[in-house]
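# Tertiary structure, described
What follows is each chain in one-letter form.
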Amino acid sequence: MTEVESRLMSPETVGMSAQRLERVTPALQKYVDQGNYPGFTALVSRRGQLVHATRVGWQDREAEVPVAGDTIYRLYSMTKPIVCTALMTLFEEGKFQLVDPVAKWIPAFATTQIAGPGGTLEDQSPLRPMQIRDVMSHTSGLTYDFLEDFPVAEQYRAKRLMNDPTRTLEELIDELATIPLAFAPGTMWHYSLGTDVTARLVEVISGQSIGDFLRERLFEPLGMKDTAFGVPESERGRLSAMYGLPDLIAPDMTFSTLAGAFASGDFGRRDVEPTYPSDAPDTFQRGGLGLFGTASDYLRFANMLLTGRAQDGTRILGRKTLELMHTNHLAPDLLPYVLGGAPAPGYGFGLGSRVAMDIGQSALAGSPGEFGWSGAAKTYFWVDPVEEIVGVLMTQHMVGFDLPEADLRAVVYQAIED
């Protein structure tokens, strides 16, 4: 049992039903029984009190190692909210404004052009260049290697932007700035390497590496002792094996290739160490992925996003900063945002996280203002400021199209009694 789990409280003390929360385990166990998902850790808190912890299945199925309270997971894109939060601590110090051009801090982006039809190129508008808010909210004009809806993604794949962990963050961003933007900044939402630019902004503005900055500003104050860009050799026995579809960030990987693998039933154990190494913490530092951590650690972070404080009361972010981060930043004509061809009705996007705007359209239990994000290996979290509920779900299943996170949400919300 982890330190967090040792503080498990009776759900009834915060207006929830222990009996009804017992539905969490079978809701997740069914995915393990079907064979594709190895195992899960699920943690639920309300009003800062842990009210439910579930562990089912395997950390390593072949070795018959069960999921444990201290199992370490690759967080993939759940790195993004952490990095955006880090940058906002500098915002609170008056170090930058969200409308500042990215080129003010990373000059190479001043000459980054925009790809037009037929291979044409145009300059960014001096009145509306790529801004800091754009890289945090995915309106920057950047894209991802595995997304195929813009021709510039071919250049991303050719330059191996996602799968060369020997390149430093500075080298990665310098290379990225040489590739044309897929669209004019601010004109659409498109998932991207923007959060990696965010991480580089943290480095340039603070004068520290992103790894050091995260440790000092977030991980140490929050007690996130197992979260970092790597796993010490002595702790790698706690690292979960990866299962599911082929590696999303492998060389030349695209969503079309993954869809073909899904259609053919190509599921299995996957070696993602070549693209997401556990033994290169000084070099493999990124913004859009790269962190390792436990469910307990991530719950500490998510609870801070609810209150602005660490468990001991230390203030990390102010209330109005949290409100600014977790309100919709997308213009109406950019909604609903679309990721990999799938729209997200009912949701807008803030600074690093989705934001619920219309619960009916979302078709998910929740409240307006709920926010959170997920990762490529089906990690997921949400924060509901209205109900003061935080949920964290960890597994290691590459690009699953099932919805265990939606099942978890449904079961958690039905357990509210007050």
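Let me sum up the structure you'll find in this document. (Residues numbered from 1 in each chain as written. Predicted model: local features only at pLDDT ≥ 70, side-chain atom pairs only at ≥ 80, totals over all residues. Heavy atoms only, no water.)

What follows covers the packing of aromatic side chains. Between two aromatic rings, the relevant description is the distance of the centres plus the angle of the planes. Per the counting criterion, the structure on display carries 24 aromatic pairs. Measuring from centroid to centroid gives 5.4 Å for Tyr144 and Tyr191, while their planes differ by 70°, and the two rings are edge-to-face. Within this pair, whereas Tyr144 is found in the loop between helix H4 (132-137) and helix H5 (153-158), its partner Tyr191 is found in the loop between helix H6 (169-176) and helix H7 (194-206), the two being separated by 47 residues in sequence. With relative accessibility at 2%, the residue Tyr144 sits in the buried group. (Phe/Tyr/Trp six-rings, centres within 6.5 Å; stacked < 30°, edge-to-face > 60°. Helix = DSSP H or I, 4+ residues; strand = E, 2+ residues; numbered from the N terminus. Buried < 20%, exposed > 50% of the residue type's maximum accessible area, 1.4 Å probe, protein only.)

This part takes up the side chain of Asp297. Examined against the element boundaries, Asp297 turns out to sit in helix H10 (residues 295-307). For the buried Asp297, which has no salt bridge, the nearest side chain bearing the opposite charge is Arg300, at an N-O separation of 4.5 Å. The contact partners of Asp297, leaving out residues within four places of it in the chain, are Gly223, Met224, Lys225, Asp226 and Thr227. (Lys, Arg positive; Asp, Glu negative; His and termini not counted. Salt bridge = Lys/Arg side-chain N within 4 Å of Asp/Glu carboxyl O. Contact = heavy atoms within 4.5 Å.)

So, on to the sheet that holds strand E8 (residues 268-270). With respect to topology, three strands assemble into an open sheet ordered E8-E7-E17, the strand pairing being mixed. At either end of the open sheet lies a strand with only one pairing partner, and these are E8 and strand E17 (397-398). Bridging between strand E7 (residues 242-244) and E8 involves three bridges; their strand directions are antiparallel. Considered in E8, the bridge of Gly244 is made with Gly268. (Pairing = 2+ DSSP bridges.)

In this structure, the amide linkage connecting Leu335 to the following residue, Pro336, adopts the cis form with an omega of -10°. Mapping Pro336 onto the fold places it in the loop between helix H11 (319-325) and strand E10 (338-339). Residue Ala363 is not a glycine yet carries a positive backbone phi of 60°. Relative to the helices and strands, Ala363 resides in the loop between helix H12 (359-362) and strand E14 (371-374). Unusually for a residue other than glycine, Glu388 sits at a positive phi of about 55°. Residue placement: Glu388 occurs in the loop between strand E15 (380-384) and strand E16 (389-394).

Attention now moves to the pairing of E15. Burial analysis of E15 places five of its five residues in the buried class, which makes it a mostly covered element. Where E14 lies against E15, four bridges are found, and the strand directions are antiparallel. Counted as the bridge partner of Gly372 is Trp382 from E15. Judged from the five bridges that link them, E15 and E16 form a sheet pairing that is antiparallel. Its bridge partner being in E16, Tyr380 is matched across the sheet by Leu393.

To continue, consider the pattern of salt bridges. In the structure shown here, the tally under the stated rule is 29 salt bridges. With a shortest N-O distance of 2.7 Å, Glu387 and Arg46 are connected by a salt bridge. One end of the pair, Glu387, is in the loop between E15 and E16; the other, Arg46, is in strand E1 (residues 39-46), and 341 residues separate them in sequence. Looking at Arg46, the relative accessible area reads 1%, which means it is buried. Linked through salt bridges whose partners overlap, the residues forming this network are Arg46, Arg47, Glu387, Glu388 and Asp418.

Let's shift gears to the environment of Thr327. Secondary-structure assignment places Thr327 in the loop between H11 and E10. Distance in space between the C-alpha atoms of Thr327 and Pro38 is 35 Å, their sequence separation being 289 residues.

Judged by pairing direction, the sheet is antiparallel, and its eight strands sit side by side in the order E3-E2-E1-E16-E15-E14-E13-E12 without closing on themselves. Edge strands, defined here as strands with exactly one partner in the open sheet, are strand E3 (65-66) and strand E12 (347-349). In terms of strand pairing, E1 meets E16 through six bridges, oriented antiparallel. Its bridge partner lying in E16, Leu43 is registered against Val392. The strands touched by helix H2 (residues 24-33) within the sheet are E1, strand E2 (49-60) and E16, with E2 carrying the most contacts at an inclination of about 20°. The sheet contacts of helix H13 (residues 404-413) involve E1, E12, strand E13 (354-356), E15 and E16, and relative to E15 the element is tilted by about 35°. (Axes fitted to C-alpha atoms, helices over the stretch in contact; angles between N-to-C directions.)

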